[in-house]
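The chain contents come next:
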Amino acid sequence: MAKEFKRYLVTSALPYANGPVHIGHLAGVYIPSDIYTRYLRLKGCDVISVCGSDEHGVPITIKARKEGVTPQQIVDRYHELIKRSFEGLGMSFDIYSRTSSATHARTASDFFRKLYDEGKFIEKTSMQYYDEEAQTFLADRYIVGTCPKCGGSHFTQDPDTLDTWFSSALWPFSTLGWPNEDSADLKYFYPTNTLVTGYDIIGFWVSRMIFSGLAYTGKAPFDTVCIHGIVRDSQGRKMSKSLGNGIDPLEVIAQYGADALRFMLLDGSTPGNDMRYSEKKVEAARNFANKLWNATRFVLMNLPEDFQPGLPEESKLDMSDKWVLTKLNQVAGAMTDNLDHFEMGLAAAKINSFIWDVYCDWFIEIAKPRLNSGDAEQADTARRVLVYVLDKALKLLHPFMPFITEELYQALPGSAETIMTQSWPTFDEAHNWAEEEEAFEKVMDYIKAVRTMRTEMNVHPAKKTSMIIETADPAPFRNAEVYLAKFAFATDVTFTEKYEGSTDGMVQVSTHTARGFIPMMELIDREKELARLNKEKAKAEKELAMFGNQLNNPKFVERAPAALVEEIRAKRTNSQSKLANIEQSIKALG
């Protein structure tokens, strides 16, 4: 599929250079901005990312006085620390400007003179004072003889001071070369597209940029503002330099890795809502990265030296291949929609679930019998699908975990110079096999039911047995006998539309499409089996009641999307069938 081409500029809020950035800053602005920028690049957009540091203000002066250094020394020090944190997390901005730079100061000064000459300032008594020694401004609340906050004593009331937001308001166009209206970047990228920021500075900064852009370029500076919530500490407090409860990202990176921290800060988050930092979630993200690393290692170990990537023709794909390709197709489409709507937490959760549950826990295991079957064609098909799906999954994950995805992608046969310039996977109708997906999930549900039963009854995996499957749709199960043998521990399988034989000594498992009769009573206790079935019955009844309550609620049926209502109806029907099968199994035990 051809790449989408569009010029795009993403702007991030400015970190304040009176201390290093902490995790609260990163999750709220910079990581989402980097994820969105990487996503746009994979889609083929001509995108640049703009950031910088705010290097003026009272807190910087106070810190400088306390340490006996100049404000410029303070901002230079923290600029380097901020830069290290950004680089450690894989963020690189195409334009990074500093408000203390001579260029930005000159632009702000010229802009002030222009406005003043046009009579667009209302003059009033200044509330700011100038510290001659530090060559910076302080608000009047800090001036009481010798300033107790910074130790200065040489102050002059300033007649024409503007607050720090005045210069920051110029950010969207001043960073692109304005007021030089012939600047190539300004002509090409302005007005910009997306601003990523937190909700706490909408009034201070966002509104000022909008009216400044409209007044002095005639155009709004951006069309979209992506507002993220704040990461709070474990007690629910906002992370701040004054409280000292900020967490240094470089320390977390040293322990868990940058990818784990990036992923933790987005996985499961919702736009605009705050979240609490959790070290356990960072550990979980690291474990996810380890799972992916080991899965990739397994795939590579099973590739011959002359392996050529690419999907085989459709006639060679079996039910499980079409199932995983359909799942991949669905997650690509869903993630595209999520990221287009800035729902980064939902997108992260989807790729996490796909890689862990679909690819690692199911498809790799399902592929192993074919890899080891001795059938060269079947083994080649399994390898090709494994590599194809892994390649696409790495690209979907890349905006969130850039380091591990780059390294693993480079190890795949046929990889390009970098994953960053590859195409974003999109929904492809040719890879949408709904019937095969449904059929294979019938088999999966049955295998899960058998494995759950055996676990609850403490049956050792080495103990295998025959089984009878009662189902109105035996085709999926017949096509999956090799999987039933390996994963449901079946020695042989008999199919019937209605089982009317003896149930003596039989353990029974039920799904919404099948009932299994397994001669294992000599291995288990009848009373325990009855207890297990009654437990399953109670669970099925609870599910059925939940779906019934939703559908009996007129407001839900009227207001919910039609597709969701139909999905709930289908789940209720499945729960009814499952409950009926469980009740039959209980009755059969007497």
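Note that the structure is a prediction, hence the values are computed from the model and not measured.

Points about the overall build of the protein
Broken down by element type, the protein carries 21 helices and 14 strands. Burial statistics for the protein: of 590 residues in total, 50% are counted as buried. By sequence separation, contacts in the protein at least 24 residues apart represent 76% of the contacts at least 6 residues apart. In the structure as shown, the protein presents an accessible area of about 27,800 Å², 50% of it carried by carbon and sulfur atoms.

Things to note about the sheet that holds strand β1 (residues 7-12)
Across the sheet, which stays open at both edges, the five strands sit in the order β3-β2-β1-β7-β8 with parallel pairing between neighbours. Because the sheet does not close on itself, it has two edges, and the strands there are β3 (95-98) and β8 (224-228). Strand-to-strand twist across the sheet, computed as the mean angle between neighbouring axes with direction ignored, equals 20 degrees. Looking at chain direction, strand β2 (residues 46-53) and β3 are connected through four bridges and run parallel. In the strand pairing of β3, S53 is matched with R98. Helix α3 (residues 71-88) contacts β2 and β3 of the sheet and is inclined by roughly 160 degrees relative to β3.

Some thoughts on the packing of helix α9 (residues 249-256) against helix α11 (residues 279-301)
One way to put it is that α9 packs onto α11 with a least axis distance of 11 Å and a crossing angle of 45 degrees. Here α9 is positioned oblique relative to α11, judged by the angle of their axes. Classified by chirality, the crossing of α11 by α9 is right-handed. Every residue of α11 that contacts α9 at V252, Q255 and Y256 is listed here: E279, V282, E283 and R286. Class assignment of the residues belonging to the contact of α9 with α11 gives a composition of three nonpolar, one polar and three charged.

Let's talk about the confidence of the model for the protein
Chain-level statistics for the protein give a pLDDT mean of 85 and a share of 89% at 70 or above. Note on residues 1-5: pLDDT is under 50 here. Beyond four places in sequence and across chains, it has 14 contacts.

Quick notes on the nonpolar core
In terms of nonpolar packing, the biggest core is built from 124 residues, with F354, Y359, F400 and Y446 touching the most fellow members. Element by element, the count of residues in this core is highest for helix α13 (residues 344-371), at 15 residues. With near-sequence residues (within four places) excluded, Y359 lies in contact with V299, F354, I364, L386, V389 and L390. Formed by 26 residues, the second largest nonpolar core is a distinct cluster that contains L115, I201, W205 and M209.

Quick word on α11
Between the first and last C-alpha of α11 there are 33 Å, a value that for 23 residues agrees with the 33 Å anticipated at 1.5 Å per step. Among all positions of α11, only V282, A285, F288, A289, L292, A295, T296 and V299 are buried. Looking at the buried residues of α11, the elements they touch are α9, α10 (258-266), α13, α14 (376-397) and α15 (402-411).

Comments concerning the side chain of Q422
Tracing the backbone shows Q422 in the loop between α15 and α16 (434-456). At 3.5 Å, the side chain of Q422 forms a polar contact with the side chain of T421.

Notes on a nonpolar patch on the surface
On the surface, a cluster of nonpolar side chains totalling about 270 Å² of accessible area is made up of Y199, I202, V225 and I227. By relative accessible area, I202 is classed as partly exposed at 34%.

A closer look at the environment of Q410
Mapped onto the secondary structure, Q410 falls in helix α15. A relative accessible area of 33% places Q410 in the partly exposed class. With sequence-adjacent residues up to four places away left out, Q410 is seen in contact with S415, A416, E417, T418 and I419. Polar contacts involving the side chain of Q410 include one to the main-chain carbonyl oxygen of A416, which spans 3.4 Å.

Re the packing of aromatic side chains
Using the criterion set out here, one finds 18 aromatic pairs in the structure. Relative to Y39, the ring of Y36 has its centre 6.3 Å away and its plane inclined at 35 degrees; by these criteria the two rings are tilted. Separated by three residues within a single helix, Y36 and Y39 lie in helix α1 (residues 23-42), roughly one turn from each other. Look at Y36 and you get buried, because its relative accessible area is 3%. Among the residues examined, Y39 registers a relative accessible area of 0% and is labelled buried. Between Y446 and F477 the ring centres are 5.9 Å apart and the planes differ by 85 degrees, which places this aromatic pair in the edge-to-face class. With a gap of 31 residues between them, Y446 in helix α16 and F477 in helix α17 (residues 475-478) connect regions that are remote in the sequence. Judged by its relative accessible area of 0%, F477 is buried. Through a chain of ring-to-ring contacts, three or more aromatic side chains come together here, namely Y30, F86, F93 and Y96. The ring centre of F298 lies 5.1 Å from the NZ or CZ of K368, which sits over that ring.

Definitions and cut-offs
- Residues numbered from 1 in each chain as written.
- Predicted model: local features only at pLDDT ≥ 70, side-chain atom pairs only at ≥ 80, totals over all residues.
- Heavy atoms only, no water.
- Helix = DSSP H or I, 4+ residues; strand = E, 2+ residues; numbered from the N terminus.
- Buried < 20%, exposed > 50% of the residue type's maximum accessible area, 1.4 Å probe, protein only.
- Contact = heavy atoms within 4.5 Å.
- Areas by Shrake-Rupley, 256 points an atom, 1.4 Å probe, with all protein chains shown as cover.
- Pairing = 2+ DSSP bridges.
- Axes fitted to C-alpha atoms, helices over the stretch in contact; angles between N-to-C directions.
- Parallel < 35°, antiparallel > 145°, perpendicular 65-115°, else oblique.
- Left-handed = near helix turned anticlockwise from the far one by under 90°.
- Nonpolar A, V, L, I, M, F, W, Y, C, P; charged D, E, K, R; others polar.
- pLDDT = per-residue confidence, 0-100.
- Core = buried A, V, L, I, M, F, W, Y, C linked by side-chain atoms within 4.5 Å.
- Expected span 1.5 Å × (residues − 1).
- Polar contact = N/O pair within 3.5 Å; in protein donor to acceptor, adjacent residues only side chain to side chain.
- Patch = residues over 30% accessible without salt bridge, like charges linked within 9 Å, V, L, I, M, F, W, Y side chains within 5 Å.
- Salt bridge = Lys/Arg side-chain N within 4 Å of Asp/Glu carboxyl O.
- Phe/Tyr/Trp six-rings, centres within 6.5 Å; stacked < 30°, edge-to-face > 60°.
- Lys NZ or Arg CZ within 6 Å of the ring centre and 35° of its normal.

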